[in-house]
Amino acid sequence: MKLIHRVLVLFVSLCCSTQAAKVKVFILCGQSNMVGHGKAEEGGNPRFDFAVPQGKDNPREVSGGLGCLRAMVNESPAKFGPGGTTPLVDANGRWLVRGDVKILAYCDGKTRKGGLGLGYAAPGAVTWFGPEFGFGHVVGRALEEDVLILKVAAGGTSLAKDWRPPTAVVKRGGVAGPRYTHMVSLVRETLTDLSREFPEFAGRGYEVAGFGWHQGWQDGGEKLMADEYEANMADFIQDVRKEFGSGMAFVIANSGFFGDKLSGIRLEVLKAQNAMADSARHPELKGNVAVVDTRPMWREKSVSPSNFDFHWNHNGYTHYEMGAGTGEAMLRLLNAFAAH
């Protein structure tokens, strides 16, 4: 009886400690590609004739076509299939919805919440996704704790104006960006009472473990904004840490549009983003900021669902890789923090 009693006590203790484990919170922010323009089911028509107008006899997209997430899974079943090392679908080919990774996504004025899956993207696009999908799968598999992603994103927005942090205003003028102030307000409101949005987190503490950023197209269209990007980005990182925790890891998926062909003002924005991980330029950020180079993730329109270069041609592979890359970089930073 004593042995049974001890086993029961240990079991209850383990259950209580699991229930009391803090939720790992990650904030993801940016403009339209953080909103999510990766396509899961519709891809490029391999027989599409770019010299002929798009139409019924010459459709630009087909189910399971080039560059969609479904094609990625079909091409790499050993990795992404139901029995794969990093599965994204179940045995019936349905997209997985994670129970251990929750998300609240505010995208272009619309809010959706639930278990991580597809559809936390452009409003109404139920099979579209953004970097949160790959990020959530990578982080969810690696961490024992439950994960909550708070995604706040709005298309067509700049760091110089829409996301302008308060410290940039003090140093260089202007006004605090409405996207910045809204993001801070939304995150604070959600964290004040997690159980309001997610009853399963009632009585649980939380830790804001990291911040992911993917933005830059807008600033790359105007030299004055591009010239100020490095200073604004450094101030943004410092300000969100003041809001949500000085020990928070920060990862930037840079603006690698056009891959190796990137040039001009847009290349200057990418260099400014990369500078955040340069300890010589920003010693205050040494060891706590990582940058994911997205240039190798660029895919041309010929192997993508569209020719919208500012949306990465709606390529599902690219959007997944950006998210997964951000997640892997985030884990490396967290592991480095833990080691110290």
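The coordinates are above.
Residues numbered from 1 in each chain as written. Predicted model: local features only at pLDDT ≥ 70, side-chain atom pairs only at ≥ 80, totals over all residues. Heavy atoms only, no water.

1. Side note on the packing of aromatic side chains
Turning to step 1, where the next piece is worked out: What the rule picks out here adds up to 19 aromatic pairs.
Turning to step 2, where the next piece is worked out: Ring centres of Phe-26 and Phe-135 lie 5.4 Å apart, and the angle between their planes is 75°; on these two criteria the pair is classed as edge-to-face. Residue Phe-26 is found in strand β1 (residues 23-30), and its partner Phe-135 is found in helix α5 (residues 131-142); the two are separated by 109 residues along the sequence. Like Phe-26, the residue Phe-135 is buried in the burial classification. (Phe/Tyr/Trp six-rings, centres within 6.5 Å; stacked < 30°, edge-to-face > 60°. Helix = DSSP H or I, 4+ residues; strand = E, 2+ residues; numbered from the N terminus. Buried < 20%, exposed > 50% of the residue type's maximum accessible area, 1.4 Å probe, protein only.)

2. Thoughts on the pattern of salt bridges
Turning to step 1, where the next piece is worked out: In the structure shown here, the tally under the stated rule is 21 salt bridges.
Turning to step 2, where the next piece is worked out: Glu-41 serves as the salt-bridge partner of Arg-70, at 2.7 Å between the closest nitrogen and oxygen. In this pair, Arg-70 sits in helix α3 (residues 69-75) while Glu-41 sits in the loop between β2 (38-39) and β3 (42-44), placing the two residues 29 residues apart along the sequence. The residues Arg-70 and Glu-41 share a single accessibility class, namely buried.
Turning to step 3, where the next piece is worked out: Between Lys-271 and Glu-268 there is a salt bridge, with the nearest N and O atoms lying 3.8 Å from each other. With a gap of 3 residues between them, Lys-271 and Glu-268 both fall in helix α10 (residues 264-274), about one helical turn apart.
Turning to step 4, where the next piece is worked out: Relative accessible area serves as the criterion here: at 47%, Lys-271 is assigned to the partly exposed category.
Turning to step 5, where the next piece is worked out: Connected via shared salt-bridge partners are Arg-164, Lys-171, Arg-172, Glu-228 and Asp-235. (Salt bridge = Lys/Arg side-chain N within 4 Å of Asp/Glu carboxyl O.)

3. A few points about helix α11 (residues 316-339)
Turning to step 1, where the next piece is worked out: The end-to-end C-alpha distance of α11 is 35 Å, a good match for the 34 Å that 24 residues give at a rise of 1.5 Å each.
Turning to step 2, where the next piece is worked out: Measuring from the backbone nitrogen of Tyr-317 back to the side-chain oxygen at the start of α11 gives 2.9 Å, which picks out Asn-315 as the cap. (Expected span 1.5 Å × (residues − 1). Polar contact = N/O pair within 3.5 Å; in protein donor to acceptor, adjacent residues only side chain to side chain.)

4. Brief notes about the pairing of strand β11 (residues 289-292)
For a regular strand, side chains alternate in direction, first toward one face of the sheet and then toward the other.
Turning to step 1, where the next piece is worked out: By the bridge criterion, 4 bridges tie strand β10 (residues 249-253) to β11 in an arrangement that is parallel. Each residue of the ladder has a partner; that of Phe-250, found in β11, is Val-289.
Turning to step 2, where the next piece is worked out: Following the backbone out of β10, through α10 and into the adjacent parallel β11, one traces a crossover that is right-handed. (Pairing = 2+ DSSP bridges. Right-handed = clockwise from strand over helix to strand, strands pointing away.)

5. Thoughts on the nonpolar core
Turning to step 1, where the next piece is worked out: Counting 51 residues, the largest nonpolar core has Phe-26, Leu-69, Leu-88, Trp-95, Ile-149 and Tyr-320 as the members making the most contacts within it.
Turning to step 2, where the next piece is worked out: Of the residues forming this core, the biggest block, 9 residues, is contributed by α11.
Turning to step 3, where the next piece is worked out: Non-local contacts of Leu-69, meaning those with residues more than four positions away in its chain, are made with Lys-39, Ala-40, Leu-88, Trp-95, Leu-118, Phe-129, Phe-133, Gly-316 and Tyr-320.
Turning to step 4, where the next piece is worked out: Residues Val-25, Leu-191, Phe-201 and Ala-272 belong to the second largest nonpolar core, which totals 40 residues. (Core = buried A, V, L, I, M, F, W, Y, C linked by side-chain atoms within 4.5 Å. Contact = heavy atoms within 4.5 Å.)

6. Quick look at unusual backbone geometry
Turning to step 1, where the next piece is worked out: With a phi close to 75°, Phe-258 is a non-glycine residue in the positive phi region.
Turning to step 2, where the next piece is worked out: Locating Phe-258 in the fold gives a position in the loop between β10 and α10.
Turning to step 3, where the next piece is worked out: One non-glycine residue, Asn-313, lies in the positive phi region at around 55°.
Turning to step 4, where the next piece is worked out: Note on placement: Asn-313 falls in the loop between β11 and α11.
Turning to step 5, where the next piece is worked out: Relative accessible area serves as the criterion here: at 2%, Asn-313 is assigned to the buried category.

Keep in mind these numbers describe shape, not what the thing actually does.
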